[in-house]
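Fold and contact review
So you can see what is in the structure, the chains are spelled out below.
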Amino acid sequence: MSENVFKVSSKSSVNALAGAVAGGIRDGKVKLELQAVGAAAVNQALKAVAVARGYVSSQGINLTCIPAFVDVVIEGKQRTAMKLIVESESH
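The rules behind the values
Residues numbered from 1 in each chain as written. Predicted model: local features only at pLDDT ≥ 70, side-chain atom pairs only at ≥ 80, totals over all residues. Heavy atoms only, no water. Helix = DSSP H or I, 4+ residues; strand = E, 2+ residues; numbered from the N terminus. Rg over C-alpha atoms; globule rule 2.2 N^0.38 Å. Buried < 20%, exposed > 50% of the residue type's maximum accessible area, 1.4 Å probe, protein only. Contact = heavy atoms within 4.5 Å. Areas by Shrake-Rupley, 256 points an atom, 1.4 Å probe, with all protein chains shown as cover. Core = buried A, V, L, I, M, F, W, Y, C linked by side-chain atoms within 4.5 Å. Expected span 1.5 Å × (residues − 1). Arc of directions from axis to C-beta. Salt bridge = Lys/Arg side-chain N within 4 Å of Asp/Glu carboxyl O. Pairing = 2+ DSSP bridges. Right-handed = clockwise from strand over helix to strand, strands pointing away.

Focus: the overall build of the protein
Looking only at helices and strands, the protein features two helices and four strands. Walking the protein from its N terminus toward its C terminus, one meets helices and strands in the order β-α-β-α-β-β. On C-alpha atoms alone, the protein measures out to a radius of gyration of 13 Å, which is about the 12 Å that the 2.2 N^0.38 rule sets for 91 residues. Oriented by its inertia axes, the alpha-carbon framework of the protein measures out at about 40 × 20 × 20 Å. In the protein, which comprises 91 residues, the proportion classed as buried is 37%. Long-range pairs, those at least 24 residues apart, make up 66% of the contacts in the protein with a sequence separation of at least 6. With an accessible surface of roughly 5300 Å², the protein has 52% of that area assigned to carbon and sulfur atoms.

Here is the structure:
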């Protein structure tokens, strides 16, 4: 798994995840991926993207988010996850 992929759970801290996303973008990673299984985890991931966008906007960075599906294996079972591809673009 790439260091640019974050696995999000329903218990993930929105602010911690947002900080990790913002930090990755500031460190020059143009594209990050958040993976979430289940409605509560997707909710946490989306809130984190919104918060991260606020963190980096003062530096002239805009975040875009592209939703997609991805198959993941959890405890030996194949599941469908929501994949949020977060990309940065300078204003």
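Focus: the nonpolar core
Burial of nonpolar side chains together is a common tendency in soluble globular proteins. The biggest cluster of nonpolar side chains holds 22 residues, and the ones touching the most others in it are V21, L34 and L63. When residues of this core are traced back to their parent elements, those giving at least two are β1 (5–8), α1 (14–26), β2 (31–36), α2 (39–57), β3 (61–74) and β4 (77–90). Residue contributions to this core peak at seven residues, all from α2. Setting aside chain neighbours within four positions, we find L34 in contact with F6, V8, L17, V21, A45, V49, M82, K83, L84 and V86.

Quick look at α1
For α1, built from 13 residues, the straight-helix expectation of 18 Å at 1.5 Å per residue is met to within 8% by its first-to-last C-alpha distance of 18 Å. Of all the positions in α1, only V14, L17, A18, V21, A22, G24 and I25 are classed as buried. Considered in projection along α1, the buried side chains sweep an arc of 160° and stay on one side of the axis. Of the residues trailing α1, G28 is marked for its positive phi of about 100°.

Digging into the pattern of salt bridges
On inspection of all chains with the given rule, the structure shows one salt bridge. Between K31 and E87 there is a salt bridge, and its shortest N-O distance comes to 3.6 Å. Taken as a pair, K31 in strand β2 and E87 in strand β4 lie far apart in primary sequence, 56 residues in all. The exposure class of K31 is partly exposed, given its relative accessible area of 47%.

A closer look at the pairing of β1
Two elements, β1 and β2, share four bridges in a ladder whose sense is parallel. Bridge pairing in β2 places V5 opposite E33. Crossover connection from β1 via α1 to parallel β2: handedness right-handed.

Keep in mind these values describe shape, not function.
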